[in-house]
Each structure stands twice: as C-alpha cells, then as structure tokens.
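# Overview (structure and organization)
Below are the chains, spelled out letter by letter.
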Amino acid sequence: MPPRRHVRITAALLGLVSALSLTACGNPADGTGSGPGGGPAPAGSGAGVQIDLGPDQKRVSTSKVASIAALVPAEIRTKGTLDVVNAAGSVPPLTFYATDDRTVIGVEPDIASLVADVLGLKLRYHPVDWANIFVGLDSGKYDLGLSNITVTEERKEKYDFATYRLDNIAFEAKKGAGWQVRGPRDVAGKAIGVASGTNQEKVLVDWSRSNVAKGLKPTDIKIYQNTSDYYLALGSGRLDAYFGPNPVAAYHAASTGQTEIVGTFSGAGDALQGKIAATTKKDNGLIKPVHEALNAVIGNGTYHEVLKRWGLGDEAVPSSELNPPGLPKTAS
C-alpha cells in the first residue's frame, strides 16, 4: 500500500481556533460555542484571525452574473430562492449556530451565500441531520447540498458535484493517548467512532477489511450522529479515537485541550486528494450554473476572502471541478 497522504494543520486554522476558544460560551463538543455579545472575537496569538460569531455576519458578497444566472433551471429561477441543505449541530469552522442559537454561520454558509449572489437568488438554509441531507436532495425538497460533502464514486451514481475545497480528515484521540495513526494497521483492534454515512466511515470499513485479510484484528467501528455523544464516549475511554473532518477536529482539540490529533489524511484514500463539493440530485440541471458560480467567485477573489476569514486558506482549490474522481467504492 502506498504511503498515506498526510495533511498539516495550518497556522491559520490554529489562529482561528485561538480566536474562537477565547470567546466560547457554549460547549464546543455540542456545536454551541459562541462569543459574548455577538461581537468579533479577539485574535489569538500568532496568526490570529478575527471571527464574528454573532448573527449579523456581514458576509462577503459578490455581484450577480447574468450569463450564469440564466443557466439556472426555470423552476428554481421562478421561485427565486436557492434552498441549501446542511448538517445541523456541527462545530466551527464548518456549519454551526451564531450566538442567537438560530442563525446558521460558518465557511459553508458563506460559500453558499456567494453562489446565491452570482445566481441572483435569495438564499435559504435548511439545517438537518446528516442523513437527511441526501433524503432531501433525492426528493427535490432542497436544491443544493453544501455541507462538507466528499466526492465519492458511489455518490456520483445519484448526485452531481462541483468541488470547492480540499477534503482532509483526522483522527482525534484523548490527549496523551500515546499512539499515532499512520495507516490501516494502526487502527486494527481499536474502537473508532464515525458519523453514519460519511466517507470517514467508508475509509474505516476499507481499512478494517484490509487488516482482516492480513490476519489483523478488525476495527470496532462505532456510529454516532451527535458531536456531544462521540465526545462523551471519547472522554470516557469508550472510544480510542473519533474520525472526522480535520478542521472540526483541530478546532475541538485546540479549544478544549482535552484531545489531540493523532493522524491526518486525504478524505479520498491512499492515492487521491479528496475534494469537498456542492451537491445536487443527478441531472437536475443545477450543477452547471453552481460550478460556474464557484469558478466566478474563485476568480474574483471573494472565495479566498471567505476561506481566509475562517482560517481555511490551505484548503482552497484553484478551480471548481465537475464530478472529478472520488473516493473509490468499497470492494464487495
């Protein structure tokens, strides 16, 4: 097996963590961290990033591009809204709630806002549980999924993708655990938590099967839906590690001081850098204008302003790709 693609935690992200942790009023484990009074958080030491956790976000905005907006399917243009679904109950810097515990904020909502600007549509957020993102896309209830969704070959059978960020994932363990994850062998016999239906779950299943084929113990894969549940399990020792998005894990580890990152990888496996993508129901006609909107904001610089704001500049992509190679299917 080729060596794993390791990913460094950037100084910018750690600066963001410092800023957020200085103003946290809620429990970072349950996604309710917030700043006092809704004002901007003071920058941390080093490469600090000022973050406003209040409901009045003053988001980065951009202009409508008529030629791209004209590509939007007539049904969506007629209703005048872009209904974007994302996972509720996450933690900074992806998708979470502002200090009013109602307004959805984070890097994902900010990028969704830019896309809606280009398309000339009013943005409506729909926070749901992770599994219901795909249920809602399938039924046509939502137009677009924008929630740290990884491109996978299996998902490409039902959905179209326009990439907008690199996908890096991490193992988070109790501080002082004394072990590192450098590849599949290191999780043999370990109890690892993941969220149901994620690419992290698929990676773990693939690794466990590979280990068993080599005579090693299987991984005890435990499924969780809520951040508070898996952090409780991690703290009590029922889990050896939790496997999730690197930005979220890095934030939690640095803000609580109770956990640490013990391994980081590409979200698409050994030989492929994973990509995060805007997601639509396959062949519904929306992905092309979304793809062009993403390239428009990448080109005009507003995309980079958003990533910098949330400390994720190192996860930027040079351009959006339509349905690129994704995490391979699990061997049957």
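In this text, all values refer to a predicted model and were calculated from it rather than measured experimentally.

About the cut-offs
Residues numbered from 1 in each chain as written. Predicted model: local features only at pLDDT ≥ 70, side-chain atom pairs only at ≥ 80, totals over all residues. Heavy atoms only, no water. Buried < 20%, exposed > 50% of the residue type's maximum accessible area, 1.4 Å probe, protein only. Helix = DSSP H or I, 4+ residues; strand = E, 2+ residues; numbered from the N terminus. Pairing = 2+ DSSP bridges. Salt bridge = Lys/Arg side-chain N within 4 Å of Asp/Glu carboxyl O. Phe/Tyr/Trp six-rings, centres within 6.5 Å; stacked < 30°, edge-to-face > 60°. Lys NZ or Arg CZ within 6 Å of the ring centre and 35° of its normal.

## A few points about the pairing of strand 3 (residues 81–87)
Each regular strand carries side chains that alternate between the two faces of the sheet. A large share of strand 3 lies buried, amounting to 7 of its 7 residues. A two-sided burial pattern is seen for strand 3, the buried positions comprising Thr81, Asp83, Val85 and Ala87 on one face and Leu82, Val84 and Asn86 on the other. Here strand 3 runs beside strand 6 (residues 122–128); their pairing, made up of 7 bridges, is parallel. Looking at strand 6, one finds that Thr81 is bridged to Lys122.

## A closer look at the pattern of salt bridges
Going through the model one piece at a time under the given rule, you end up with 16 salt bridges. In this structure, Asp138 engages Lys158 in a salt bridge whose closest nitrogen and oxygen atoms are separated by 3.1 Å. You can see Asp138 sitting in helix 5 (residues 130–139) and its partner Lys158 sitting in the loop between strand 7 (144–145) and strand 8 (159–174), a full 20 residues away along the chain. By relative accessible area, which is 45% here, Lys158 ends up partly exposed. Residue Asp220 is joined to Lys222 by a salt bridge in which the shortest nitrogen-to-oxygen separation is 3.2 Å. Classification of Asp220 as partly exposed rests on a relative accessible area of 36%. What emerges from the salt-bridge pattern is a single network uniting Lys79, Asp83, Arg124 and Asp143.

## Quick word on the packing of aromatic side chains
One pass over the structure, following the stated rule, counts 11 aromatic pairs. For the ring pair Phe171 and Phe265, a centre distance of 5.9 Å and an interplane angle of 90° mean the geometry is edge-to-face. Here the residue Phe171 occupies a position in strand 8, and Phe265 occupies one in strand 12 (residues 259–266), the gap between them amounting to 94 residues. Side by side, Phe171 and Phe265 carry an identical accessibility label, which is buried. Note on Tyr230 and Tyr242: the rings are 3.4 Å apart at their centroids and 10° apart in plane angle, and the pair reads as stacked. Taken together, the residues Tyr230 in helix 7 (residues 227–236) and Tyr242 in strand 11 (residues 241–245) connect sequence positions 12 residues apart. Since its relative accessible area comes to 7%, Tyr230 is described here as buried. Note on Tyr242: relative accessible area 5%, which makes it buried. Through successive ring pairs, a cluster of aromatic residues spans Phe171, Trp207, Phe243 and Phe265. The ring of Trp179 carries the charged tip of Lys190 above its face, separated from the ring centre by 4.6 Å.

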